[in-house]
Amino acid sequence: MKCPNCGDRTLVDIDMHSGGFSSEESPVKECGACGLVWRVKTELGVTKIDIIKPADKQK
Ligand SMILES: [Zn+2]
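Since this is a predicted model, take the numbers as computed values, not measurements.

1. A closer look at the overall build of the protein
Here comes step 1: A tally of helices and strands in the protein yields zero helices and four strands.
Here comes step 2: From first element to last, N terminus to C terminus, the protein shows the α and β order β-β-β-β.
Here comes step 3: Put simply, the protein has 59 residues, and 10% of those count as buried.
Here comes step 4: For the protein, the proportion of contacts with a sequence separation of at least 24, taken over those separated by at least 6, is 29%.

The following block contains the structure:
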């Protein structure tokens, strides 16, 4: 999976289970290149990208 913002593949999984996220949700990803934080979730069979934190720098 690539970063939806910049297409970089340097991704970091963020463990947010201690923050109340259930294990049924996809892991939160952080892009190592642009700083975007997002999560992929499936609603009614449709895969959606949920942006948690916008990119903090442009590539
Ligand atoms: Zn990125």
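2. Examining the pairing of strand β2 (residues 28-31)
Here comes step 1: The pairing of strand β1 (residues 11-14) with β2 spans four bridges and is classified as antiparallel. Counted as the bridge partner of Val-12 is Glu-30 from β2.
Here comes step 2: With two bridges joining them, β2 and strand β3 (residues 37-43) adopt antiparallel strand pairing. Note that in β3 the partner of Glu-30 across the bridge is Val-37.
Here comes step 3: Where β2 folds back onto β3 in an antiparallel hairpin, the turn is made up of five residues, including Gly-35, whose phi is positive at roughly 90°.

3. Remarks on the sheet that holds β3
Here comes step 1: Reading across from one edge, β1-β2-β3-β4 is the order of the four strands in this open sheet, with antiparallel pairing throughout. In this open sheet, the two edge strands, each paired with only one partner strand, are β1 and β4 (46-53). Strand-to-strand, the axes of this sheet are offset by a mean angle of 35°, without reference to chain direction.

Reading the values: the criteria
- Residues numbered from 1 in each chain as written.
- Predicted model: local features only at pLDDT ≥ 70, side-chain atom pairs only at ≥ 80, totals over all residues.
- Helix = DSSP H or I, 4+ residues; strand = E, 2+ residues; numbered from the N terminus.
- Buried ≥ 20, exposed ≤ 12 C-beta atoms within 10 Å, placed from the backbone.
- Contact = placed C-beta atoms within 7 Å.
- Pairing = 2+ DSSP bridges.
- Axes fitted to C-alpha atoms, helices over the stretch in contact; angles between N-to-C directions.

Shape is all these values report; function is a separate question.
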